[in-house]
Every structure is written in structure tokens, then in C-alpha cells.
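Structural description and commentary
Residues per chain are reported as follows:
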Amino acid sequence: MLTKSNSLDQLIQQTLEGREVSLSRLITLIENESSEASLILKTLYPHRKKSYRIGITGPPGGGKSTLVDRLALLAREQGFKVGIVCVDPTSPFTGGAILGDRIRMSKSSGDPDIFIRSMAARGSLGGMARTTEQVTEILEASGKDLILIETVGVGQSELDIYQTVDTVVVVLVPESGTGVQAMKAGLMEIAHIFVVNKADRPGASRIKQEIEDVLGLAPQQEWYPPVFLAQAYRGIGAKEIFEGCLNHKTFLENRKKSDYTLKKIEKKLRDLILEKMEKEVFQRDRAKENLICYSKKILEGVLDPYTAAEEWVEQIRKQ
Ligand SMILES: Nc1nc2c(ncn2[C@@H]2O[C@H](COP(=O)(O)OP(=O)(O)OP(=O)(O)O)[C@@H](O)[C@H]2O)c(=O)[nH]1
Ligand SMILES: [Mg+2]
């Protein structure tokens, strides 16, 4: 809760000055979908510093956090102020995730210019992407130049990440069949950079080759994703991966920037409108009863879902 001595204005002001305690509190308010969320986002939006966003995704335990830690340190060496967001879509409880990420990111967690935040995904994956995006905006307003977002690759979430970040790094490991699995999971389409981590284990070069073969079959593209071998726990390969990211950043900057940015804004606006409409429809009087009533009729075969949806929308229009 906000007390008078620690008012929202103060929290916002201190966040703009880069104060981490206030930043953390604002993020919590956003995560909890507090009634102040909209005001916070509106106030901070014009103060955003355009940051560079990297998404790191891939199967569980692949070494994503270890790599994020290394990348954060490299970024610091180059003067970037860094924000790290770890999204855990598998666990509804933050406890374990925070502890785990803190330990694995021990190298970067002592640096005052590296802010680390773990978030447990709540509700839908779409909701997770939205909150992550909002948290990213707050980090931008607090002056971070580079934002690293780690998520576990479990289907749809990768596609959501793709909307939020500039560069997507997919981290795989030399387990058999990984390349094929990655293709199946849709990772091939969203990756700008591939990392085969745990290259101290056998089979890493084979996976790298496999990925490169698959990429070679893809239609000619403007950006050709590089594939790096890494041993994140020893820091091997991290420098090359970071350089690869910066190359992709330059590539994006040289493209028709306005198109790219406009598309992102269009998508954001669409999502916000849909979210508002959805809330409005389902928070109306009798919405819950309506939903149950229609669903029962559909289940009993009295009505089909298409007619039900049409009827419902028609009712709303008349109100
Ligand atoms: N053998 C080997 N182990 C590594 C390497 N990099 C990281 N690890 C280890 O792999 C384990 C998982 O690393 P994390 O960085 O936590 O992996 P993660 O992908 O973030 O895991 P989740 O967030 O739980 O999905 C840890 O015990 C790391 O020390 C590597 O290059 N080789
Ligand atoms: Mg992790």
C-alpha cells in the first residue's frame, strides 16, 4: 500500500532518478494490476529512454540465466545501464525463481547498475507478455539502456516475446534432436541469434551444423541468424554473442526504422484496445451469468457458439 510519506508522485520521481527501491515498488504495482497502474504507465511513458531489448529464450535449464549474467557484465563494461527481467511461466510462485536466478546471476547481482527482477507469470501468456512490456517501459523510464528478458521457451510465449524485444536469442543445448525440436517449437522463425550452450558436452558442433543446415534452407532473408557455440558457465562465447546482438541492433537501425517502430506501436495500441474492450464486456452486469447460460445451451446442443456470440454482441450494441 502507498502511504502519504511515500506517495505515488514520489515513487515516480525517484524511479525517474534511477532509484531501485522505488523502481521495484512501481513494478510490483504493475504486476499486481493495481488501480494506480494506468497512471504510472501514462506518467512514465514520455520519459522513456529508447533502450535496446534482448529476449533470451529456450528450453528449461539450458543456461539462459548464466548467459544473461555474462551478457549483463559485458554490457556494463561498455557503459550500458542494464535491467534484467526473468519471466517464469511455469511456476505461479515467485519464491523459487527469484532464489534460483539470484544465485545463478550472482556475478551481476552486486553491481548497482544492473537491476534484476524475477516475475512469475500470472493468467494467460498474453497477459504475461503485456506485463513484461509494461515493466520494460518502467525500466526504460528509469534510465536503463539495455534490457535483457529471459523466458523459458514453452510455445506461445516465444511469439509474445518476439513482439516485445529487438533481438531474440535462442539458447539450445547439445541434447539429441534439439535442432529439430527447435524447429517444431517455432523457435527457428523467431530467432535472430542461436546459441548452442554447454558446448563442453559432446554433440554441440553437430547441433550447430544442424541448425545452420535448416537456416540454409530458409528463403533468402535480410538478416541471417548466426549460430554461436558457448560455455556460459565459463564465460566462453559470451563476447561473440554480445557482439552478434549489437550487429543485429545496427542492422535494425539501418532498416526503415519508421516502418518497424510504427508496426510495434500499432500492435501495442490494438492490444490495449482489445484488453479494454474485453474488460468492459466481461465486467458488465450479468456478464458472468450470460457466459454460463450461453455455455450451457451450447453444451446441451440447443445453440451453436457462433449464434451465441452474435446474439451477445447484438445485445451489447443495443445497450
Ligand atoms: N555443462 C555446462 N553447464 C552449464 C553451462 N552453462 C550453464 N550451465 C549450468 O546449467 C545449469 C542451468 O543453468 P541456468 O543458467 O540456470 O539455466 P536456465 O536456462 O536459466 O534455467 P531455467 O531458468 O531454470 O530454465 C546450471 O547448473 C549452470 O551452471 C555450460 O556451458 N556447460
Ligand atoms: Mg533461468
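Before going into details, it helps to say that this report is about the structure given with it. (Residues numbered from 1 in each chain as written. Chains lettered and ligands numbered in written order. Predicted model: local features only at pLDDT ≥ 70, side-chain atom pairs only at ≥ 80, totals over all residues. Heavy atoms only, no water.)

Our focus in this paragraph is the overall build of the protein. Within the protein, the secondary structure is distributed over 14 helices and 7 strands. A buried classification covers 45% of the 319 residues belonging to the protein. Counted over contacts in the protein with a minimum sequence separation of 6, partners at least 24 positions apart contribute 75%. Entry remark: accessible area of the protein is about 17400 Å², with carbon and sulfur atoms responsible for 55%. (Helix = DSSP H or I, 4+ residues; strand = E, 2+ residues; numbered from the N terminus. Buried < 20%, exposed > 50% of the residue type's maximum accessible area, 1.4 Å probe, protein only. Contact = heavy atoms within 4.5 Å. Areas by Shrake-Rupley, 256 points an atom, 1.4 Å probe, with all protein chains shown as cover.)

Attention now moves to the sheet that holds strand β6 (residues 193-196). Two orientations exist for strands paired in a sheet by backbone hydrogen bonds: parallel and antiparallel. Spatial ordering of the open sheet is given by β3-β2-β4-β1-β5-β6-β7, a layout of 7 strands whose pairing is parallel. Edge positions in the sheet fall to β3 (114-120) and β7 (227-229), since each has one partner strand and no second. Averaged over neighbouring strand pairs, the angle between their axes works out to 20 degrees when direction is ignored. Relative to strand β5 (residues 167-172), strand β1 (residues 52-57) is paired through 4 bridges, and the arrangement is parallel. Among the inter-strand pairings, Ile 56 is bridged to a residue of β5, identified as Val 169. In the packing of helix α4 (residues 64-77) onto the sheet, the strands contacted are β1, β2 (82-88), β3, β4 (146-151), β5 and β6, and the crossing angle to β4 comes to about 175 degrees. (Pairing = 2+ DSSP bridges. Axes fitted to C-alpha atoms, helices over the stretch in contact; angles between N-to-C directions.)

With that out of the way, let us pick up helix α10 (residues 204-217). For α10, with 14 residues, the first-to-last C-alpha span of 20 Å sits near the 20 Å given by 1.5 Å per residue. Taken residue by residue, α10 has Ala 204, Ile 207, Glu 210, Ile 211, Val 214 and Leu 215 as its buried positions. In an axial view of α10, the angular spread of the buried residues amounts to 135 degrees, which keeps them on one side of the axis. Projecting away from the buried face of α10 at angles above 90 degrees are the exposed residues Ser 205 and Leu 217. (Expected span 1.5 Å × (residues − 1). Arc of directions from axis to C-beta.)

Turning our eyes to something else, we now look at the packing of aromatic side chains. Summed over all chains, the structure comprises 4 aromatic pairs. Ring plane angle 80 degrees and centroid distance 6.1 Å describe the contact between Phe 80 and Phe 242, whose orientation is recorded as edge-to-face. Highlighted residues: Phe 80 in the loop between α4 and β2 and Phe 242 in helix α11 (residues 238-254), separated in sequence by 162 residues. Residue classification places Phe 80 among the buried residues on the basis of a relative accessible area of 16%. Geometrically, the ring pair formed by Trp 223 and Phe 251 is tilted, given 5.3 Å between the ring centres and 45 degrees between the ring planes. Of this pair, Trp 223 sits in the loop between α10 and β7 while Phe 251 sits in helix α11, and the two are 28 residues apart along the sequence. Accessibility expressed as a relative area gives 17% for Trp 223, which makes it buried. (Phe/Tyr/Trp six-rings, centres within 6.5 Å; stacked < 30°, edge-to-face > 60°.)

Okay, the packing of helix α1 (residues 8-16) against helix α3 (residues 37-44) next. Axis separation between α1 and α3 bottoms out at 11 Å; the angle between their running directions is 40 degrees. By the criterion of interaxial angle, the relationship of α1 to α3 is oblique. Once α1 is placed against α3, the crossing between them reads as right-handed. Along the contact surface, α1 presents Leu 8, Ile 12 and Leu 16, while α3 presents Leu 39, Ile 40, Thr 43 and Leu 44. Class assignment of the residues belonging to the contact of α1 with α3 gives a composition of 6 nonpolar, 1 polar and no charged. (Parallel < 35°, antiparallel > 145°, perpendicular 65-115°, else oblique. Left-handed = near helix turned anticlockwise from the far one by under 90°. Nonpolar A, V, L, I, M, F, W, Y, C, P; charged D, E, K, R; others polar.)

So, on to a nonpolar patch on the surface. Judged by side-chain polarity, Leu 269, Ile 273 and Met 277 come together as a nonpolar surface patch covering roughly 300 Å² of accessible area. In this fold, Met 277 is placed in helix α12 (residues 257-282). (Patch = residues over 30% accessible without salt bridge, like charges linked within 9 Å, V, L, I, M, F, W, Y side chains within 5 Å. Salt bridge = Lys/Arg side-chain N within 4 Å of Asp/Glu carboxyl O.)

Moving on, we get to the nonpolar core. In globular proteins that are soluble, nonpolar side chains generally tend to be buried together. Counting residues in each nonpolar core, the largest one holds 38 residues, and the members touching the most others are Leu 26, Ile 40, Val 85, Ile 138, Leu 139, Phe 194 and Ile 211. Residues within four places of Ile 40 in sequence aside, it is in contact with Leu 8, Ile 12, Leu 26, Leu 29, Ile 30 and Ile 138. (Core = buried A, V, L, I, M, F, W, Y, C linked by side-chain atoms within 4.5 Å.)

Around the magnesium ion (ligand 2), the protein contributes the donor atoms Ser 65 (OG) and Glu 150 (OE), which lie 2.1 Å from the metal centre. Within this pair, whereas Ser 65 is found in helix α4, its partner Glu 150 is found in strand β4, the two being separated by 85 residues in sequence. Taken individually, Ser 65 and Glu 150 each receive the classification buried, so the pair is uniform in this respect. (Donors = N, O, S within 2.8 Å, 3.2 Å for Na, K, Ca; no water.)

Here we come to the side chain of Thr 15. If you trace the backbone, Thr 15 turns up in helix α1. Apart from the residues lying within four places of it in its own chain, the contact partners of Thr 15 are Ser 22, Leu 23, Leu 26, Ile 138, Ala 141 and Ser 142.

Okay, the environment of Val 170 next. Within the secondary structure, Val 170 is located in strand β5. Residue classification places Val 170 among the buried residues on the basis of a relative accessible area of 0%. Not counting chain neighbours up to four residues away, the residues in contact with Val 170 comprise Thr 57, Leu 187, Ala 191, Ile 193, Phe 194 and Val 195.

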